[in-house]
Amino acid sequence: MTIQEMKQTKFKEATLAEWEQVAIKSLKGKSLDSLSTKTLEEIILKPLYSLADMQEISNYQTDKVRSAKQTSEWLIAQQATGKTSEDILEDIKDSLAKGNNIIHYKLETHHQWDNAQLEELSTLLQQHPVLLDISVDPIFIHKFKTIKGAVKGAGNTEVPNTRTLYLDGTSIHQAGGDAVSELVSVLLQADNMAQKNSIEKITEKAFVQFSVDTNFFMEIAKIRAFRILWKAFGEAQGQEDINAIPVHTETSLRSFSALDATVNILRAANSTLAAVLGGADIVTSHPHDILTNANPTSKRIARNMQLVLKEETHIQRVIDASGGSYYIETLTKQLVEKAWALFLELMKENSIESAEAKLNERVAYKWEEQLDALATRKKSLIGTNVYANPDDSLIFKLNESGYKRLAEPFEQLRQAFLNNPLKTAIFPYGLLKEYKARMDFISGYLTCIGLTTTVAPENLKPFDLQKWIDENEIDYGVFVGNDEQTAGLIPALLNENISIPLDVAGKSEEYEDWLEAGLNGRIFAGQSLFEKGFELLALAKKEVSNDNA
């Protein structure tokens, strides 16, 4: 085919109905609805979004998002860390020399500054914009003559050219909230702030912070939804064309894990890109080893995530690069509607305290929902609840992050089994090809909660199995075989009174009968890792007896 013929080739435009027919055929009996998923925010995600979804979305939405950004650029704000003020100064200077656009510093109670160091810091603050958190000592701000940027914890101090009214979207996220809860929390704070300040002062002095997690498209939509909600809030306050306020984001530590910590690099990169595409004005990317102790290399990797985005993708040349996407625009609209509806509902409460209490109830429920999804592997946390590395050990004391972290229960279990070993074995029966998949599942499952398994020789008779158990000092075992092997051999093994607690892999109709005969329990897909983990930890601590022994 010639180039000219290729140019003249036309393809028939596929319709949504045609796509649905092909999709239904490929599902082999399942309904099209089986392709839809429900998010933590109770939004139903469709398998396909098309131009038809944009019919209900006016240009107002995209225009308001884009008008909220004066520039397509964003500021890189790597947080300075160190044990002493001298370390902090060195870290600030080093980060500015290597790509930071802004001084990001959180004052800690143990940071002691002498006059010479304060003078040097003051000089730096005159030369660069800042993002400061001085909540532990609000009068720290008085040590500087000139400052420009945003300050958290300044109280009622008036600081020229600086935003000091802080809207906190991070605390709700740290407590386990979903995107809707975070947006509503900010609106409640803004309403409370409007009762004490004029709307003009708020737009001049306020800034907002969000944590951005790994749910890529939802996090993009969350930041965009805030821009729309802020406009709606302004209109409710009588400000028809309210000015936008700066949005600072930090990569969330909710999904960070001390287990297989290098995976945190991927999580942080995902979150960073989502923040940029969502339209954040200031972005902080946390180092992947922040839960232990960040080092110069990990800080450099985190900072370079943003530098690479700027220098190699040219995202900073486009305002609202995600705008117009059928999927993201629809998500944005749905978040706006859900957040505004919940905000109006909470505004009916008698006090701000009552509204916040009701919101916190929702947050607590959402956190438990996330933990349950993780425990049953409906949600994956690579290196933690799937593909866990048995050689990972928590030899370092973890830093306080302020976040409820999804990996924390697994870290606790792994540490508990280090202190209370439970020597575990898999007992395979049948042909390798018949039990291999089930054996691999059991091995991976137990590794996630901190147990490394030894595999016994296959098809051991009860006497030989007991001998092998004694020789290898096994504390607990799991029988693995196909359904037929399991149904035939489990009763025989139980009749021999194997001396250790015995579990069976998979589900069987005879399970209740086997429990009565002395079976310890079972392991199967969809079972809670936490429940099974703490059950086996009780065995390791000898808090339960083995009735079959």
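Structure: above.
Summarised in this report is the structure supplied together with it. What you see is a predicted model, and the numbers here were worked out from it, not measured in a lab. (Residues numbered from 1 in each chain as written. Predicted model: local features only at pLDDT ≥ 70, side-chain atom pairs only at ≥ 80, totals over all residues. Heavy atoms only, no water.)

**Re the environment of Val 386**
Secondary-structure assignment places Val 386 in the loop between helix 13 (352-375) and helix 14 (408-419). Each C-alpha atom of the pair Val 386 and Leu 374 lies 9.7 Å from the other, and the pair is 12 residues apart in sequence. Not counting residues up to four positions away in its chain, the partners in contact with Val 386 are Arg 377, Ser 380, Leu 381 and Cys 448. (Helix = DSSP H or I, 4+ residues; strand = E, 2+ residues; numbered from the N terminus. Contact = heavy atoms within 4.5 Å.)

**Notes on helix 9 (residues 216-236)**
Helix length check: helix 9, at 21 residues, gives a terminal C-alpha distance of 30 Å against a target of 30 Å (1.5 Å per residue), a fit within 8%. Two residues or fewer after helix 9 comes Gly 238, characterised by a positive phi angle close to 85 degrees. (Expected span 1.5 Å × (residues − 1).)

**Some points on the sheet that holds strand 17 (residues 521-523)**
Backbone-to-backbone hydrogen bonds pair the strands of a sheet. The strands run either parallel or antiparallel. As summarised here, the arrangement of the five strands in space is 14-13-15-16-17, forming an open sheet in which the pairing is parallel. Edge positions in the sheet fall to strand 14 (453-455) and strand 17, since each has one partner strand and no second. Strand-to-strand twist of the sheet, defined as the mean angle between neighbouring strand axes without regard to direction, takes the value 30 degrees. Inspection of the sheet shows strand 15 (residues 476-480) paired to strand 16 (residues 502-505) by three bridges, in the parallel sense. Looking across to strand 16, one finds that Val 478 is bridged to Asp 503. On top of the sheet, helix 16 (residues 462-472) reaches strand 13 (424-428) and strand 14; it is set at about 160 degrees to strand 13, its chief contact. (Pairing = 2+ DSSP bridges. Axes fitted to C-alpha atoms, helices over the stretch in contact; angles between N-to-C directions.)

**Considerations on the sheet that holds strand 4 (residues 79-80)**
Spatially, five strands are ordered 4-5-6-7-8 in an open sheet, and the strand pairing comes out parallel. Only two strands of the sheet have a single partner each, and these edge strands are strand 4 and strand 8 (162-163). Pairing between strand 7 (residues 149-152) and strand 8: two bridges, direction parallel. Bridge assignment links Gly 149 to a residue of strand 8, and that residue is Thr 162.

**Considering unusual backbone geometry**
Its identity as a non-glycine residue notwithstanding, Asp 260 has a phi of 50 degrees, on the positive side. Inspection of the secondary structure assignment puts Asp 260 in the loop between strand 11 (247-251) and helix 10 (263-278). According to the relative accessible area criterion, Asp 260 is partly exposed, its value standing at 22%. Despite not being glycine, Glu 473 shows a phi value in the positive range, around 55 degrees. Counting through the fold element by element, Glu 473 comes out in the loop between helix 16 and strand 15. Judged by relative accessible area, which is 60%, Glu 473 ranks as exposed. (Buried < 20%, exposed > 50% of the residue type's maximum accessible area, 1.4 Å probe, protein only.)

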